[in-house]
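Understanding the architecture of this molecule
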Amino acid sequence: MTISSHSENQHTPYYHYDSGLLAQTLDSIRRAVADAPAFRVHFAVKACATPAVLRQIAAAGLGADCVSGGEIIRAVEQGFDPSKVVFAGVGKSDWEIREALTRGIATFNVESLEELEVINDIAIAMGAVASVAFRINPNVDAHTHEKITTGLNENKFGIAMEDMLPAIRKAQEMSGIRFVGLHFHIGSQITSFEPFEALCHRINELTDALRNENIHLQSINVGGGLGIDYEHPEDHPIPDFEGYFGTFKRLLRLEPGQELHFELGRAVVAQSGSLVTRVLYVKKGVQKRFIIVDAGMTDLVRPAMYGSFHKPENLSAAERHEELTDTYDIVGPICESSDVFVKGYVLPRTQRGDIIVFKSAGAYGEIMACQYNCRPLPGSVFE
Ligand SMILES: *Cc1c(COP(=O)(O)O)cnc(C)c1O
């Protein structure tokens, strides 16, 4: 991105989505699964629900992984085929279940027996049958941030492995339910393939055990979680999809006719989005210099919430060939001490009015924005 793409009067902060990079990313996914006809890739809509972004992803043929009724409606409105929509989440409310059945989505990823009963009742009342996969906790450590690890045995997500067989038997007896498969999701921002290898081995064990019980799975869903390079986005703008999908091609044993589903969020969109901000003040503190930008944790919460790093770039300083550097804390205007993007970061000497972009913000960025401090939501530009 160059500064020329930002007119002087453009209102900041806003998100910028690079449709060219998104196209290359989608193409890289397409090539990586071209020789694996059983593989079906869904986009995890919770990562980014910006309409233009969704339309491009739907047009590339991906399905949608939704975690709320609102996401199902948004995904279908923006062009996803309902037959490629799956619905996950621990707390599906009755209206969301009805909405999903009315729209004819592909599968409910069910996370408890209590939920299964409710879906069965609602489906029967509607004269429908809900296709259901059980989300199983495979007890695989994703080696990632504690707030985004989900595959260990006891947490609010999913069903324990030991409860899997009785759950399937129960589902098979319900007239409003058609049992189709198993679902897993071990965490997010996973940057080595080892946790995915462990997941493959665990799934092979489980499917062997089920085969002995004469239970056939139409589909297996391995969730998402493939990480991206936040430190060096320019070196790795596109994740290693060959390596990621290759792990499953190598290690997961599929039966003939069985589908393998993926639900990637971050890996699809993160590098295509940036948060564009303007410098309000460069404040000299006692020992530090602060760059105060017009974006805050309300626009991009990941640094405050997860301690995440989004690489800052001063486009204006680059344009004026600024040769001097300084060390800065880059902070937002929100009345919270956690409203910090980065501390002690070396940037070209910065002045009021400069445009600073935070890279790799396409996933869990705009969609998590809120209006705390009565701030307007950031807009977005897609080009
Ligand atoms: C969040 C989530 C995903 C997507 O995770 P990424 O790390 O963005 O790929 C996929 N499946 C489920 C069930 C999720 O909750």
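Notes on the structure follow. (Residues numbered from 1 in each chain as written. Predicted model: local features only at pLDDT ≥ 70, side-chain atom pairs only at ≥ 80, totals over all residues. Heavy atoms only, no water.)

With respect to the element layout, lysine 359 can be found in the loop between β16 (355-358) and β17 (379-382). In this structure lysine 359 is buried but unpaired, with glutamate 313 as the nearest side chain of opposite charge at 4.0 Å. The residues touching lysine 359, leaving out its near neighbours within four places in the chain, are Pro233, Gly273, Ser274, His310, Lys311 and Glu313. (Helix = DSSP H or I, 4+ residues; strand = E, 2+ residues; numbered from the N terminus. Buried < 20%, exposed > 50% of the residue type's maximum accessible area, 1.4 Å probe, protein only. Lys, Arg positive; Asp, Glu negative; His and termini not counted. Salt bridge = Lys/Arg side-chain N within 4 Å of Asp/Glu carboxyl O. Contact = heavy atoms within 4.5 Å.)

So, on to the pairing of strand β10 (residues 259-264). Burial of β10 is extensive: 5 of the 6 residues sit out of reach of the surface. Bridge analysis of strand β2 (residues 39-44) against β10 gives 5 bridges, and the strand direction is parallel. For phenylalanine 43, the partnering residue across the bridge sits in β10 and is leucine 264. Of the strand pairs in this sheet, strand β9 (residues 219-221) and β10 are connected by 3 bridges, and their pairing is parallel. When the bridges of β10 are listed, asparagine 221 appears paired with histidine 261. A crossover connection joins β9 to the parallel β10 through helix α8 (residues 241-251); in handedness this β-α-β unit is right-handed. (Pairing = 2+ DSSP bridges. Right-handed = clockwise from strand over helix to strand, strands pointing away.)

Our focus in this paragraph is the packing of helix α1 (residues 19-33) against helix α2 (residues 51-59). Two elements in contact, α1 and α2, have axes separated by 10 Å at closest approach and are oriented at 30°. Judged by the angle between their axes, α1 and α2 are roughly parallel. Between α1 and α2 lies a crossing of right-handed hand. From α1, Ser19, Leu22, Ala23 and Leu26 reach across to α2, where they touch Val53, Gln56 and Ile57. Grouping the constituent residues of the contact of α1 with α2 by class yields 5 nonpolar, 2 polar and no charged. (Axes fitted to C-alpha atoms, helices over the stretch in contact; angles between N-to-C directions. Parallel < 35°, antiparallel > 145°, perpendicular 65-115°, else oblique. Left-handed = near helix turned anticlockwise from the far one by under 90°. Nonpolar A, V, L, I, M, F, W, Y, C, P; charged D, E, K, R; others polar.)

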